[in-house]
Amino acid sequence: MTKIHYISFLRIIAMFAIIGAHTIAVPVIYYSAEYTDFWLKLSVVVAEILRGGVQVFILISGALFLQPEKELTLNKLFKKYILRIILSLLIFGTLFALMEIVYNQHSFNVSQIWIAFLNMIQNESWGHLWYLYMLAGLYLVTPILKYFTKHATDIEIIYILIVLFLFNILFPVVEKYTGIKIGFYIPFIGTPIFFYILGFTLHSRIIKIPDWLSIAMCVFSISIYIIECCIGTKINISRVIFEGFSNTILFTLIFPIASFSLALNHCKINIGERRERIEDLFSQLSFGVYIFHAVFINFIYKALHLTPNKISVPLLWLLVFCVTSILSLLTTYILRLIPFIKKDIL
């Protein structure tokens, strides 16, 4: 129960964190001129911190999928997990791309459906769906990684984490700060595999992060966000929102790791039957909420034109966050009442 509870708890936290990140980020992109300097900088800092919810989802996936005792045949991997991603992108990715085309062109014709489909294929639908494309890639290499984690020693697992950390995280930071390009590289590009294996490593207690260090990591990470944001004379909104603080990618990754470790260490075994049912329900809805929350955020900001000029920023955040969370949960819950959707998509 301990493992199930902490993972369910983290799923819920990550789900709401991502809703919060996009609630704050979207109006900054479209209506940045309506913000005071203080609220603009605060928005960027808070959105950047909340973006760590995606890394928490990857850590959870690694904790679950890479366990040696979890049976995962290729047939099950493709039919249950990869097919789910493909169907979600085919249906919702194409639909969202079509909605964006219609919104931009202020008209609809049948040919736009094909264009929307092509956009979906090229990962040019709504931005938050990048996670599904990446997740499908992680699923494809899971059998290889699972074989490694099953047969590797603890030292070998820590070794590969160090290598991934150096080449995919630390070296890019060094290059950014020093301007010196490091010629050595490995063909494992990006941070998802690092987080995927790290999730398993933390879950299995191969690496244990003490609470004091996790708290220090959180404080340090938040401090770096605030310092970089505040000392800058100009904020490149699109760069920050879509790419994050590239100079501080190392610090961007610290917060979700520390949060994961704290939840692992402190989630109680006995939480009560009623609370456990609620957590399980929200946890099951998290995938659908991730997909649908962008619909309501975009509608509120882009169709209803709710902006900082019409309502104060704190109230705007609270209102959009609450409305989006409730409608996303309800939409996912209702759609999951359809057996096919519940079994194969959401």
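(A) Seen up close, the overall build of the chain. Scanning the chain from N- to C-terminus turns up 14 helices and zero strands. The secondary structure elements of the chain, listed N-terminal to C-terminal, are α-α-α-α-α-α-α-α-α-α-α-α-α-α. Residues counted as buried form 48% of the 346 residues belonging to the chain. Considering only residue pairs separated by 6 or more positions, the chain has 81% of its internal contacts joining residues 24 or more positions apart.

(B) Structural detail: the packing of helix α6 (residues 130-151) against helix α7 (residues 154-178). In contact at an axis separation of 8 Å, α6 and α7 are set at 135 degrees when each is read in the N-to-C sense. With respect to α7, the element α6 is oriented oblique. Along the contact surface, α6 presents Phe-148, Thr-149 and His-151, while α7 presents Glu-156, Ile-157 and Ile-160. Partitioning the contact of α6 with α7 into residue classes produces three nonpolar, two polar and one charged.

(C) Quick peek at the side chain of Gln-55. Inspection of the secondary structure assignment puts Gln-55 in helix α3 (residues 53-65). We classify Gln-55 as buried; its relative accessible area is 13%. Excluding its chain neighbours within four sequence positions, the residues that come into contact with Gln-55 are Phe-195, Leu-253 and Pro-256.

(D) Broad picture of the packing of aromatic side chains. Per the stated rule, a full pass over the model turns up 20 aromatic pairs. With centroids separated by 5.1 Å and ring planes inclined at 45 degrees, the aromatic side chains of Phe-65 and Tyr-139 adopt a geometry described as tilted. Of this pair, Phe-65 sits in helix α3 while Tyr-139 is found in helix α6, placing the two residues 74 residues apart along the sequence. By relative accessible area, which is 6% here, Phe-65 ends up buried. Judged by relative accessible area, which is 6%, Tyr-139 ranks as buried. Plain terms: the ring middles of Phe-194 and Phe-195 are 5.6 Å apart, the flat faces sit at 85 degrees to each other, and that makes the pair edge-to-face. Take Phe-195: its relative accessible area is 0%, and that puts it in the buried class. The ring of Phe-65 has Lys-70 sitting right over it, with the charged end atom 5.5 Å from the ring centre. One Lys or Arg, Arg-84, reaches over the ring of Phe-287 and ends 4.0 Å from the middle of that ring.

(E) Broad picture of the pattern of salt bridges. Under the counting rule described, the total for this entry stands at five salt bridges. Across the pair Asp-344 and Lys-343 runs a salt bridge, and its minimum N-O distance is 3.4 Å. Note on Asp-344: relative accessible area 17%, which makes it buried.

(F) Region of interest: unusual backbone geometry. One non-glycine residue, His-106, lies in the positive phi region at around 60 degrees. Relative to the elements of secondary structure, His-106 occurs in the loop between α4 (74-105) and α5 (111-121). For His-106, a relative accessible area of 72% gives the class exposed. The phi dihedral of His-305 is positive, around 55 degrees, even though this residue is not glycine. Mapped onto the elements, His-305 comes out in the loop between α12 (273-303) and α13 (313-335).

(G) How the structure looks around a nonpolar patch on the surface. Where nonpolar side chains cluster on the molecular surface, the patch consists of Leu-281, Ile-326, Leu-327, Leu-330, Tyr-333, Ile-334 and Leu-337 and spans about 650 Å² of accessible area. Sorting elements by how many residues they give to the nonpolar patch places α13 first, with five residues. Among the secondary structure elements, Leu-330 is positioned in helix α13.

(H) A look at α12. Its 31 residues place the ends of α12 41 Å apart at the C-alpha level, agreeing with the 45 Å of an ideal helix rising 1.5 Å per residue. Positive phi appears at His-305, one or two residues downstream of α12, with a value of about 55 degrees.

(I) Highlighting the confidence of the model for the chain. When pLDDT is averaged along the chain, the result is 87, and 90% of the positions lie at 70 or above. The least confident element of the chain is helix α10 (residues 237-243), whose mean pLDDT is 47; the most confident is α13, at 96. Ignoring residues within four places in sequence, the model shows residues 237-248, a span with pLDDT below 50, making 36 contacts including any to other chains.

(J) View of the nonpolar core. Counting residues in each nonpolar core, the largest one holds 80 residues, and the members touching the most others are Tyr-131 and Tyr-139. Those residues in contact with Tyr-139 that sit more than four places away from it in its chain are Phe-65, Leu-77, Tyr-81, Ile-82, Ile-85 and Tyr-196.

(K) How the structure looks around helix α2 (residues 37-50). Over its 14 residues, α2 runs 20 Å from end to end, which matches the ideal 20 Å to within 8%, given 1.5 Å per residue. Taken as a whole, α2 has its buried residues at Leu-40, Lys-41, Ser-43, Val-44, Val-45, Ala-47, Glu-48 and Ile-49.

About the thresholds
- Residues numbered from 1 in each chain as written.
- Predicted model: local features only at pLDDT ≥ 70, side-chain atom pairs only at ≥ 80, totals over all residues.
- Heavy atoms only, no water.
- Helix = DSSP H or I, 4+ residues; strand = E, 2+ residues; numbered from the N terminus.
- Buried < 20%, exposed > 50% of the residue type's maximum accessible area, 1.4 Å probe, protein only.
- Contact = heavy atoms within 4.5 Å.
- Axes fitted to C-alpha atoms, helices over the stretch in contact; angles between N-to-C directions.
- Parallel < 35°, antiparallel > 145°, perpendicular 65-115°, else oblique.
- Nonpolar A, V, L, I, M, F, W, Y, C, P; charged D, E, K, R; others polar.
- Phe/Tyr/Trp six-rings, centres within 6.5 Å; stacked < 30°, edge-to-face > 60°.
- Lys NZ or Arg CZ within 6 Å of the ring centre and 35° of its normal.
- Salt bridge = Lys/Arg side-chain N within 4 Å of Asp/Glu carboxyl O.
- Patch = residues over 30% accessible without salt bridge, like charges linked within 9 Å, V, L, I, M, F, W, Y side chains within 5 Å.
- Areas by Shrake-Rupley, 256 points an atom, 1.4 Å probe, with all protein chains shown as cover.
- Expected span 1.5 Å × (residues − 1).
- pLDDT = per-residue confidence, 0-100.
- Core = buried A, V, L, I, M, F, W, Y, C linked by side-chain atoms within 4.5 Å.

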